[in-house]
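# Tertiary structure, described
Single-letter residue listing:
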Amino acid sequence: MNWFQKLKNNYLARFGATILIFFYISVILADFIAPYNPYVSQVDGSLLPPTPIYWTTPDGKFIGPHIYPTTQSPTDVETGERSLNVDFENPTLIRLFIKGDRYQLFQIRLPLPPTFEEVELFPGIPVDRHLFGALGKAKLNLLGTDEQGRDEFSRLLFGGRISLFIGLVGILVSFPLGILAGGISGYFGGWLDMVSMRLVEVLMTIPGIYLLVALAAVLPPSLSSAQRFLLIILITSLISWSGLARVIRGQVLSLKEQEFIQAAKAMGATPGRIIVRHVLPQTATYIVISATLAIPGFIVAESVLSLIGLGIQQPDPSWGNLLSVATNASILILQPWLIWPPALLIVLTVLSFNLLGDGLRDALDPRFLKN
């Protein structure tokens, strides 16, 4: 467990792991944490700024955390600004664990091959409690509302499910391909090695982001966001395993001449058993490190595709398509609260994975384990 102790002592890796754990728990419990349905618009609530939280009434009376009903007047044609109308006569208290919209906690629905239609794997637990909310007419929009009057904080939480899990599912698809291709190619060598590596080299010459844009552009518009989610994973996975295969091949070439491999051969072990049980486990250190560093690539790919309108489509949220409003100059200037949160979350997630990957590399490197 020396490597784990070294990882714990790495403050940057610990910081990255803490951020990631917090993010993943938050999106898994998005139904409970989010105060509102991310698909439901608020009446007269378009493009509202973050709701200010008050502790005292205008006359100075302390009543605890509360908010006031807020609407916006029509847009000023000359300045483009909209003045807020705040009803200070009707304070709305903020409370924890309040009743709200009913939802299915931990519900799991996935599009499965070959039809890619959504299948309910787990129905979930019916619940109507939310972590926090407002008891009254006023709406608590911690990060404001979008152009459709939907709560931005709730959409960020639900959008994180796609943006965070696309990386995990992506490595589950791409890494087995790279590991098996590299392991078989390196162990058997000969013509199989030559053919496999030429295929890998061809895949490595393909510019990933341009291929993603081209393939995503030809997807039928009738596809649901869940189906697009799965297809984006498949596309990114099928072009990202080649680099891993080359590295695994190089490691297997050096491992297959080791004494424990020769002993396994002498005992009559089949090539498949030797590869799976003896060779590939020796590459586990590199695989774990590579996985943590590969996940950000999937997250960024989804974000770019959704940003340019070829990924997850509205009204379904993802961090990428929440950023798509940045192409509107007026929103970029007048409603910056719609831009910074998803951008900051993407940056923090990618940075955290990189910090964790660097920490794992240092902890699992044999040169460090000797110290």
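As the structure is a prediction and not an experimental result, all values here were calculated from the model.

## Here we look at the pattern of salt bridges
All told, the structure shown has seven salt bridges when counted by the stated rule. In this structure, Arg 249 engages Asp 193 in a salt bridge whose closest nitrogen and oxygen atoms are separated by 2.6 Å. Placement of the pair is Arg 249 in helix 8 (residues 242–255) and Asp 193 in helix 5 (residues 190–205), with a sequence separation of 56 residues. Arg 249 sits in the partly exposed class, given a relative accessible area of 21%. Across the pair Glu 201 and Arg 246 runs a salt bridge, and its minimum N-O distance is 3.3 Å. Taken together, the residues span a long stretch of sequence, with Glu 201 in helix 5 and Arg 246 in helix 8 at a distance of 45 residues. Glu 201 gets classed as partly exposed once you look at its relative accessible area, which sits at 30%.

## Some points on the side chain of Ser 237
Mapped onto the fold, Ser 237 is located in helix 7 (residues 225–238). From its side chain, Ser 237 meets the backbone oxygen of Gly 170 in a polar contact 3.2 Å long. Contacts of Ser 237, omitting those with residues within four sequence positions, involve Gly 170, Val 173, Ser 174 and Phe 298.

## Digging into empty space enclosed by the protein
Leftover empty space is mapped by rolling, across the atoms, a probe with the size of a water molecule. What the rule picks out here adds up to one cavity of 30 Å³ or more. Taken together, Asp 146, Glu 147, Arg 150, Glu 152, Arg 155, Gln 314, Asn 321, Leu 322, Val 325 and Leu 338 form the lining of the largest cavity. Sorting the residues of the lining of the largest cavity by element identifies helix 4 (152–188) and helix 12 (319–322) as the ones contributing at least two each. Of the residues in the lining of the largest cavity, the class split is three nonpolar, two polar and five charged.

## Here's the deal with the pairing of strand 5 (residues 92–105)
Note that strand 2 (residues 62–67) and strand 5 share two bridges and pair antiparallel. Paired with His 66 across the bridge in strand 5 is Leu 93. Sheet topology places strand 5 next to strand 8 (residues 125–135); nine bridges connect them, and they run antiparallel. Residue pairing in the sheet places Leu 96 in a bridge with Phe 132 of strand 8.

## What about the packing of helix 1 (residues 2–9) against helix 14 (residues 340–364)?
Where helix 1 contacts helix 14, the two axes come as close as 8 Å, and the packing angle between them is 140 degrees. When the axis of helix 1 is compared with that of helix 14, the two are oblique. As helix 1 packs across helix 14, the resulting crossing turns out to be right-handed. Along its contact with helix 1, which presents Trp 3, Lys 6 and Leu 7, the element helix 14 presents Gly 359, Leu 360, Ala 363 and Leu 364. Residues belonging to the contact of helix 1 with helix 14 are distributed by class as follows: five nonpolar, one polar and one charged.

Rules used throughout
Numbering of residues starts from 1 in every chain and runs along the sequence as written. Only residues with pLDDT of at least 70 get local features here, since the model is predicted, and only at 80 or more are side-chain atom pairs given and counted; chain-wide, interface and lining totals rely on the full set of residues. Water and hydrogen atoms were dropped before computing side-chain values, which therefore reflect all heavy atoms in the structure. We count a salt bridge whenever a side-chain nitrogen from Lys or Arg sits within 4 Å of a carboxyl oxygen from Asp or Glu. Only runs of H or I of at least four residues qualify as helices and only runs of E of at least two qualify as strands under DSSP, and these elements are numbered from the N terminus. For each residue, the accessible area found with a 1.4 Å probe, counting protein chains only, is set against the maximum for its type, and the residue is called buried under 20%, exposed over 50%, and partly exposed in between. Under this definition, polar contacts are N or O atom pairs within 3.5 Å; protein pairs additionally need one hydrogen-donor-capable and one acceptor-capable atom, and for neighbouring residues in sequence, both atoms have to be side-chain atoms. We call two residues in contact whenever any of their non-hydrogen atoms come within 4.5 Å of each other. Of the grid points, spaced at 1 Å and generated over the protein atoms alone, those admitting a 1.4 Å probe that cannot get out make up cavities, while open sets with protein on both sides within 12 Å along at least five of seven lines make up pockets; any residue with an atom within 4 Å of a point is treated as lining. Grid points are joined across faces, edges and corners, and a volume is the space filled by probe spheres set on the points. Residue polarity follows a fixed list, in which Ala, Val, Leu, Ile, Met, Phe, Trp, Tyr, Cys and Pro are nonpolar, Asp, Glu, Lys and Arg are charged, and the others, Gly among them, are polar. Any two strands with at least two DSSP bridges between them are considered paired. Here an angle of 0 to 180 degrees is reported between the N-to-C directions of two axes, which are lines fitted to C-alpha atoms, with helices fitted over the stretch in contact. Throughout this description, any angle smaller than 35 degrees is read as roughly parallel, any larger than 145 degrees as roughly antiparallel, any in the 65 to 115 degree range as roughly perpendicular, and the remainder as oblique. In this scheme the handedness of a crossing depends on how the near helix is turned from the far one: anticlockwise by less than a right angle means left-handed, clockwise means right-handed.

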